[in-house]
Amino acid sequence: MNNIKRLKNVIPELGCDALLITNQINRLFATGFKSSAGALIVTEKDAWFIIDFRYLEVAQQSVKEANVVELSSGNTYTDIIDSILKENNVKSVGFEDTHIPFSTHKDWVEKFGVELIAAQKKIDEIRNVKSRNDIDQMIKAQRLAEKVFNEILPLISTDVTEKEIAAEIIYRSLKNGADDKSFDPIVVSGAKSSRPHGTPGNEKISKGFLTIDFGVNLDGWCSDTTRTLCIGKPDDEMIKVYETVLKAQKEGIAAIIAGAKGVDVDAAARDVIKEAGYGDYFEHGFGHSIGLEVHETLKASPLSKDILPAGAVISAEPGIYLPGRFGVRIEDVLYITEDGCENITKLPKELIVI
């Protein structure tokens, strides 16, 4: 993962002399180097990666398309950035406007004496389009998550708590090689399954639906998977709801192609749920883009204005939630192509009854 060249290419579009990248995820996207601190300056011709001594040796070995500059004792990042900008006669800088606090913006204006130009939207556009190598890395993360899911299935019963299953997911993710979880696992059962982002509790798993939503982070890339199981035999309405959600997901997936509108993809799934009589019980969007963060900027929802580009990766996760009774959500992850999409999730979607 190295996207410094891609950032250089958009500098003329932004109408600035340089880009300043300080956000941790944007730095990782640009350099492929993970660190808790650092700054990257990119011009059309050159790049500088400023890092402190904790990471210096590894950065010098890993960051190939930027000059690695040590944050020396007695200097601040702002001091070194200012020096590089002045040495290179930079008069305008694109910055991460949705990540930078007002106080930092104010300090930069006073210190650097340059024009600051909002650039995060353009950075997001670049990040939304993944390379084939990026997708291969995301598939590795997804396969690891699926291995974890298959390992926890035999552990699920009414004798264990929701929290115990959530803890097993985290433990087995790390044991199988994940760097971290991509978000706190959602494990909710019985009546709690009607809560889309419910919190695992200390109570034992209840009979009825059990929703498990989790992801891993591997080499910076996130996975995101949801499956709804049933503890005990489901009744007729539970089966109807499950089959409706599955059909809605399939219709939404069928509508995904490069250039599709996010709102239209959402509508394809939402119409199925409305026709089944559950339109009032699907209140979140069909999906969101995913990559180095589990929630990136593209959306397939009723209010979305996004056009889905080839190379984007988006979740497909419709759901029906009947308050106080039960809920169902099924989630896959899709790689958008010119002629449709590639589903990188391989877990089966038939209802598992335990």
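Calculation criteria
Residues numbered from 1 in each chain as written. Predicted model: local features only at pLDDT ≥ 70, side-chain atom pairs only at ≥ 80, totals over all residues. Heavy atoms only, no water. Pairing = 2+ DSSP bridges. Helix = DSSP H or I, 4+ residues; strand = E, 2+ residues; numbered from the N terminus. Right-handed = clockwise from strand over helix to strand, strands pointing away. Core = buried A, V, L, I, M, F, W, Y, C linked by side-chain atoms within 4.5 Å. Buried < 20%, exposed > 50% of the residue type's maximum accessible area, 1.4 Å probe, protein only. Contact = heavy atoms within 4.5 Å. Salt bridge = Lys/Arg side-chain N within 4 Å of Asp/Glu carboxyl O. Polar contact = N/O pair within 3.5 Å; in protein donor to acceptor, adjacent residues only side chain to side chain.

Asks: In this structure, what is going on with the pairing of strand β4 (residues 67-70)? I would like to understand it.
Replies: Looking down a regular strand, the side chains alternate between one sheet face and the other. Across four bridges, strand β3 (residues 47-51) lies against β4 in parallel orientation. When the bridges of β4 are listed, Ile51 appears paired with Glu70. Between β3 and its parallel partner β4, the chain crosses via helix α3 (residues 53-62), and the hand of that crossover is right-handed.

Asks: Looking at this structure, I do not really get the nonpolar core. What am I missing?
Replies: The tendency in soluble globular proteins is for nonpolar side chains to be buried side by side. Leu19, Leu40 and Phe49 are the most contacted members of the largest nonpolar core, which totals 38 residues. The element best represented in this core is helix α1 (residues 4-14), accounting for five residues. When residues no more than four places from it in sequence are discounted, the contact partners of Leu19 are Leu7, Val10, Ile11, Leu14, Leu40, Ile41, Val42, Val93, Gly94 and Ala119. Ranked by size, the runner-up nonpolar core spans 32 residues in total, among them Met238, Ile273, Leu308 and Ala312.

Asks: Is there a simple way to think about the pattern of salt bridges in this case?
Replies: Where charged atoms from two side chains of opposite charge come close, those side chains can pair. Within the structure shown, the criterion is met by 24 salt bridges. Between Glu168 and Arg172 there is a salt bridge, with the nearest N and O atoms lying 2.9 Å from each other. Taken together, the positions of Glu168 and Arg172, both in helix α8 (residues 162-175) and four residues apart, correspond to about one turn of that helix. Lys192 is paired through a salt bridge with Glu203; the nearest N and O atoms lie 2.8 Å apart. Within this pair, whereas Lys192 is found in the loop between β8 (186-189) and β9 (208-214), its partner Glu203 is found in the loop between β8 and β9, the two being separated by eleven residues in sequence. Relative accessible area serves as the criterion here: at 37%, Glu203 is assigned to the partly exposed category. Shared partners join several salt bridges into a network, and the residues in it are Arg127, Lys130, Glu293 and Glu296.

Asks: Can you help me understand the environment of Ser189 in this one?
Replies: Position of Ser189 relative to the elements: it lies in strand β8. For Ser189, a relative accessible area of 2% puts it in the buried group. In the structure, Ser189 is positioned 33 residues away from Ile156 in sequence and 11 Å away in space, judged by C-alpha atoms. In contact with Ser189, not counting residues within four places along its chain, are Glu162, Lys204, Ile205, Ser206, Phe209 and Leu210. At 3.0 Å, the side chain of Ser189 and the backbone nitrogen of Ser206 are in polar contact.

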